[in-house]
Amino acid sequence: MTQPAQAETVLRFGVFEADLSAGELRRNGHRLRLQEKPFQLLAILLEQRGRVVGKEELQTRLWPDVSVDADGGLNEAVYKLRLALDDSAQAPRYIETVPKRGYRFIAAVDSAGPNYGPPSRRFSWIKMSLYAVGFVLALLLGYSFKPEAEPRRLRSFHLRPDDPVQAPRELRVQQAAISPDGSLIAWVGASGYLWTHDFERDQPRRLDAPNAGSPFWSPDSEYVLFQSKGKLLKARARGGA
């Protein structure tokens, strides 16, 4: 007998799973960073999967207290959700755009049940107790644990993307953002260009992105997204087209 939709707290589709009770989206068991509105949009589309959900219904459910047109917010939520799912409007695998009507979730969905969760949450209290006892015994026996890998060496550097003669010190670095994997940092220089710095490199890299502003990262740390003259654009963090 199929469980009712209300009891489905974790839903799987492709390599993703959405934990509706925890408000988390995971890919192959790893949690992705997704803002509240895009996740709420995903939950609604999963709830109504296979059916076209109109824009007015989505706006009402996502912004119940907003009386003005929320079409811009809905478009941004759809964009960020597709970015997290590595999906596209031209060749959708998950979110299909139905022109002049709304959106539809088109992928196959499996319910993992209300008790499903990532491996770190599946341990019973008995297993946790056994681990605690083993740890205490190891300490009493003087067992020394060796780290799996050598700690990463700390690095320090100065962000100087623009000519120090042309740009005052207080204006050389603006709007910096660190990548989700912690390996790069992006910022807007005084001249308006977008820069990135790989922590393993000695020199920063200027991207082909003039008039940039408000940089933020894609979940996979491959792209830097930014605003430029009223448009939302993206550039490869390590250079390229």
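Structure first, text after, so check above.
Here we summarise the structure given alongside this text. These figures come from a predicted structure and were not determined experimentally.

Thresholds, definitions, all that
Residues numbered from 1 in each chain as written. Predicted model: local features only at pLDDT ≥ 70, side-chain atom pairs only at ≥ 80, totals over all residues. Heavy atoms only, no water. Axes fitted to C-alpha atoms, helices over the stretch in contact; angles between N-to-C directions. Helix = DSSP H or I, 4+ residues; strand = E, 2+ residues; numbered from the N terminus. Parallel < 35°, antiparallel > 145°, perpendicular 65-115°, else oblique. Left-handed = near helix turned anticlockwise from the far one by under 90°. Contact = heavy atoms within 4.5 Å. Pairing = 2+ DSSP bridges. Buried < 20%, exposed > 50% of the residue type's maximum accessible area, 1.4 Å probe, protein only.

Moving on: the packing of helix α1 (residues 36-47) against helix α2 (residues 55-62). Packed helices, taken two at a time, are described by the angle their axes make and the gap between the axes. Two elements in contact, α1 and α2, have axes whose closest approach is 11 Å; the angle formed by their N-to-C orientations is 130 degrees. The angle between the axes of α1 and α2 places the two elements in the oblique class. Seen from above, α1 lies across α2 with right-handed handedness. Facing α1, whose interface residues are K37, Q40, L41, I44 and E47, α2 presents L58, R61 and L62.

Taken in spatial order, the three strands of this open sheet run β5-β7-β6, and their pairing is antiparallel. Strand pairing shows two members of the sheet lacking a second neighbour, β5 (53-54) and β6 (95-98), which therefore form its edges. Here β5 pairs with strand β7 (residues 102-105) via two bridges, running antiparallel. Its bridge partner lying in β7, V53 is registered against Y103.

Relative to the assigned elements, A108 resides in the loop between β7 and β8 (110-111). Assessed through its relative accessible area of 66%, A108 is described here as exposed. Separated by 15 residues in the primary sequence, A108 and R93 place their C-alpha atoms 9.8 Å from one another. When near neighbours in sequence (up to four residues on either side) are disregarded, A108 contacts R12 and F13.

Attention now moves to the pairing of strand β1 (residues 10-13). In regular strands, side chains alternate between the two faces of the sheet. Here β1 runs beside strand β2 (residues 16-19); their pairing, made up of four bridges, is antiparallel. For V10, the partnering residue across the bridge sits in β2 and is D19. Between β1 and β2, which follow one another and run antiparallel, lie two residues, and G14 among them has a positive phi close to 60 degrees.

What follows is about the sheet that holds strand β14 (residues 223-228). With antiparallel pairing, three strands are arranged side by side in an open sheet as β13-β14-β15. In this open sheet, the two edge strands, each paired with only one partner strand, are β13 (213-217) and β15 (231-236). Neighbour to neighbour, the strand axes of the sheet diverge by 25 degrees on average, direction disregarded. In this structure, β13 lies alongside β14, joined through three bridges in antiparallel fashion. The residue of β14 that forms the bridge with G213 is Q227.

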